[in-house]
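# Residue-level structural notes
If you want the building blocks of each chain, they are given just below.
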Amino acid sequence: MSFLNELDQEKLDGQFMVEALKEAQAAFEENEVPIGAVVVHDGRVIGRAHNQRETLKDPTAHAEMIALTQAAAFLGDWRLEGCTMYVTLEPCPMCAGALVLGRLDRLVYGPTDPKAGACETLYNIVEDERLNHRLEVVAGFMEEPCRLILQDFFSRKRQGEKKA
């Protein structure tokens, strides 16, 4: 990839990570852990979601899982080849496994997750050579704004608990 192509890709990655951050903000406003995800195909968002575990009372209602379901419905296929997921935190084992099973090409995420990260931190499911598919990974992309929304959410949560 040429230098100009790399710059163009970084610009596009930034544009789509902003969309994931908008989803994280929506989660924040719904008192959900503020993680957002978008799935992009041919330069177009085809799936977007934020965490909804509390709202839906569903342990699998992670931003990534919901966005993958939307993307598959849009394409009419579970194979999400040619797609990139942008997510504001390193995916957990469930979500990383779903990315592999969905055959996405790329994953771009913000900060690592020391408690549940499965793309670098605790495990590396998305690049595990023992599995039948691997993704190109861009880690730490727009890390600071992604981290700040999480820190703000949990700081407010702790302050609320102290007042009770």
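Note that the coordinates shown come from a computational prediction; the quantities given were computed from them, not determined experimentally. (Residues numbered from 1 in each chain as written. Predicted model: local features only at pLDDT ≥ 70, side-chain atom pairs only at ≥ 80, totals over all residues. Heavy atoms only, no water.)

### Regarding the sheet that holds strand E2 (residues 44-50)
Defined as follows: Two strands pair under a simple rule: DSSP has to find at least two bridges between them. In DSSP terms, a helix is any run of H or I states spanning at least four residues, a strand is any run of E spanning at least two, and both are numbered starting from the N terminus. To get an axis, fit a line to the C-alpha atoms, keeping to the stretch in contact for a helix; angles then go from 0 to 180 degrees between the N-to-C directions. Any two residues whose heavy atoms approach within 4.5 Å at even a single point are treated as in contact.
Strand order in the open sheet formed by five strands is E2-E1-E3-E4-E5, and the pairing between neighbours is mixed. Edge positions in the open sheet fall to E2 and strand E5 (136-138), since each of these has one partner strand only. In this sheet, neighbouring strand axes are inclined to one another by 15° on average, regardless of whether the strands run parallel or antiparallel. Across six bridges, strand E1 (residues 36-41) lies against E2 in antiparallel orientation. Considered in E2, the bridge of Val 40 is made with Val 45. Running at roughly 145° to E2, helix H3 (residues 63-75) makes contact with E1, E2 and strand E3 (83-87) of the sheet.

### Things to note about the packing of H3 against helix H4 (residues 93-101)
Our working definition: Orientation is classified from the angle alone, with under 35 degrees giving roughly parallel, over 145 giving roughly antiparallel, 65 to 115 giving roughly perpendicular, and any other angle giving oblique. Take the far helix as the reference: if the near one is turned anticlockwise from it by less than a right angle, the crossing is left-handed, and if turned clockwise, right-handed. Residues are grouped as follows: nonpolar covers Ala, Val, Leu, Ile, Met, Phe, Trp, Tyr, Cys and Pro; charged covers Asp, Glu, Lys and Arg; every other residue, Gly included, is treated as polar.
Two numbers describe how H3 lies on H4: the axes approach to 9 Å, and their chain directions differ by 25°. Put simply, H3 runs roughly parallel to H4. Note that H3 runs across H4; the crossing there is left-handed. Here Glu 64, Met 65 and Leu 68 of H3 lie close against H4, whose contacting residues are Met 94, Cys 95, Ala 98 and Leu 99. Across the contact of H3 with H4, the residue classes break down as six nonpolar, no polar and one charged.

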